[in-house]
Amino acid sequence: MLPYETLEESKNVLGRDLTLGETLWFNYSVKKSEFVLHGHNTLFLCIFYSIATIPFILIELSGHKKLNKYKIQPSVTRSFWEMFKCYKNVMWTFIVTVGPLQIISYPTIKWIGIRTGLPLPSGWEMFWQLLVYFVIEDYTNYWLHRLLHCKWAFENIHRVHHEYKTPLGLSAPYAHWAEILILGFPAFLGPALVPGHILTYWLWFILRQLEAIETHSGYDFPWNPTKYIPFYGGSAYHDYHHYVGGRSQGNFASVFTYCDYIYGTDKGYRYKKRMYEKISPTNTFNVQNYKVD
Ligand SMILES: [Zn+2]
Ligand SMILES: [Zn+2]
């Protein structure tokens, strides 16, 4: 809830007219409690998961030849019902795990000082905070994910996420509830260390989810704008991790490639990709058809 009740009052506090964005934010948030605004995260998670996966579902169901050549594991196809089963499981996990986590974490969010009022953050402030969140999440996720590949943790927790040797957009958050909690920690760490506005906080979780969906999509399109992000891992990178499965001792990072490079856990992948590109320079890296060991 904003500390001012009217637009006039907020203008006086800020000492200037409100921008269009600030007026919209005022009208939206003035009567909502901070708890409700915080709870939007679970709602966004469900909405963006349901919407952002649609294009990949349609591509998969269409079996379009032109798009099929960008498929990383082209021999595996999914039926509508297989995909729906995955969707149902994930939505259930969101409701029984992420929802309660949002409620329990509310006092922490209040304590770390995520602000909800005016003024709104500038574009620059949002950009650098999001960048910091991505770097912190990537680094912490790398080590936790690597730990999840220890024998006990893999068999009891991480095995669920690896049921998909051929990942699909819908399977990005498909995991054991304990993994959702464990890997939720790196996602919260950035905002906890560098707290910002709740809009940045929302945007962070939305972008991280979109990134995970794209990374698990099973398609590596050459026109993807993420190709221009330095050190970005992308779908072929993570697909390889799923393809190798439980034995995998590489490509652990969630977003970027530099952790695997620094700690030497991408050697096998880089070697295979290099060899594949020599043989087939114009095609998408196809982990299944690649025979050199
Ligand atoms: Zn893994
Ligand atoms: Zn994965």
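Residues numbered from 1 in each chain as written. Chains lettered and ligands numbered in written order. Predicted model: local features only at pLDDT ≥ 70, side-chain atom pairs only at ≥ 80, totals over all residues.

Per an unreviewed UniProt entry, the protein is named Methylsterol monooxygenase 1-1-like, and its organism is Cicer arietinum. Under the Sequence similarities (unreviewed entry) heading, UniProt states for the protein: "Belongs to the sterol desaturase family." The heading Subcellular location (unreviewed entry) in the UniProt record of the protein holds the text "Membrane". (UniProt positions renumbered as here; feature names shortened; annotations may be inferred.)

## Describing the overall build of the protein
Counting its secondary structure elements, the protein contains 14 helices and zero strands. What you see for the protein is a C-alpha radius of gyration of 21 Å, in line with the 19 Å of a compact globule of 293 residues. Taking the principal axes of its C-alpha atoms as reference, the protein extends roughly 70 × 40 × 40 Å. Here the protein holds 293 residues, and the buried ones make up 30% of them. (Helix = DSSP H or I, 4+ residues; strand = E, 2+ residues; numbered from the N terminus. Rg over C-alpha atoms; globule rule 2.2 N^0.38 Å. Buried ≥ 20, exposed ≤ 12 C-beta atoms within 10 Å, placed from the backbone.)

## Side note on the domain arrangement of the protein
Under the domain assignment used here, the protein contains domain 1 (1-31) and domain 2 (34-279). Inter-centroid distance (C-alpha atoms) of domain 1 to domain 2 is 35 Å. Taken together, the ten residues of domain 1 in the interface contact seven residues of domain 2. Elements supplying a minimum of two residues to the side of domain 1 that touches domain 2: α1 (7-14) and α2 (20-29). (Domains from an automatic or database assignment. Contact = placed C-beta atoms within 7 Å.)

## Quick look at the packing of helix α3 (residues 34-52) against helix α11 (residues 198-215)
At a minimum axis distance of 10 Å, the contact between α3 and α11 shows a crossing angle of 25 degrees. Between α3 and α11, the interaxial angle falls into the category roughly parallel. As α3 packs across α11, the resulting crossing turns out to be right-handed. On the side of α3, the interface is formed by L37, H40, N41, F44, L45, F48, Y49 and A52, while α11 contributes I198, W202, F205, I206, Q209, L210 and I213. Looking at the contact of α3 with α11 residue by residue, the classes come out as twelve nonpolar, three polar and no charged. (Axes fitted to C-alpha atoms, helices over the stretch in contact; angles between N-to-C directions. Parallel < 35°, antiparallel > 145°, perpendicular 65-115°, else oblique. Left-handed = near helix turned anticlockwise from the far one by under 90°. Nonpolar A, V, L, I, M, F, W, Y, C, P; charged D, E, K, R; others polar.)

## Quick word on the environment of I262
Position of I262 among the secondary structure elements: in helix α13 (residues 258-262). What makes I262 exposed here is the crowd of 11 C-beta atoms within 10 Å. A sequence separation of 148 residues divides I262 from I114, and the C-alpha atoms of the two residues are 33 Å apart.

## Side note on the UniProt feature "domain: Fatty acid hydroxylase" (unreviewed entry) in the protein
The sites that UniProt annotates as "domain: Fatty acid hydroxylase" (unreviewed entry) are residues 131-265. End C-alpha atoms of residues 131-265 are separated by 23 Å, and the span's content is 56% helix alongside 0% strand.

## Here we look at the UniProt feature "transmembrane region" (unreviewed entry) in the protein
The positions that UniProt labels "transmembrane region" (unreviewed entry) are, in the present scheme, residues 42-61, 90-109 and 180-207. Annotated as 95% helix and 0% strand, the span residues 42-61 places its first and last C-alpha atoms 28 Å apart. What you have in residues 90-109 is 95% helix and 0% strand, and the ends, taken at the C-alpha atoms, are 25 Å apart.

## Some points on unusual backbone geometry
Each neighbour pair has its own omega, and for L118 with P119 the value is 0 degrees, a cis peptide bond. If you check the backbone angles, F231 has positive phi at about 60 degrees while not being a glycine. Tracing the chain through its elements places F231 in the loop between α11 and α12 (235-244). Under the C-beta neighbour-count criterion, F231 is labelled exposed, with 12 such atoms within 10 Å.

## Focus: the nonpolar core
Judged by nonpolar contacts, the single largest core of 13 residues is most densely connected at I114, Y142, Y201, A253, V255, F256 and C259. Elements that contribute at least two residues to this core include exactly α8 (123-148) and α11. Apart from residues lying up to four places away in sequence, I114 is in contact with I109, P191, P195, I198 and Y201. (Core = buried A, V, L, I, M, F, W, Y, C linked by C-beta atoms within 7 Å.)

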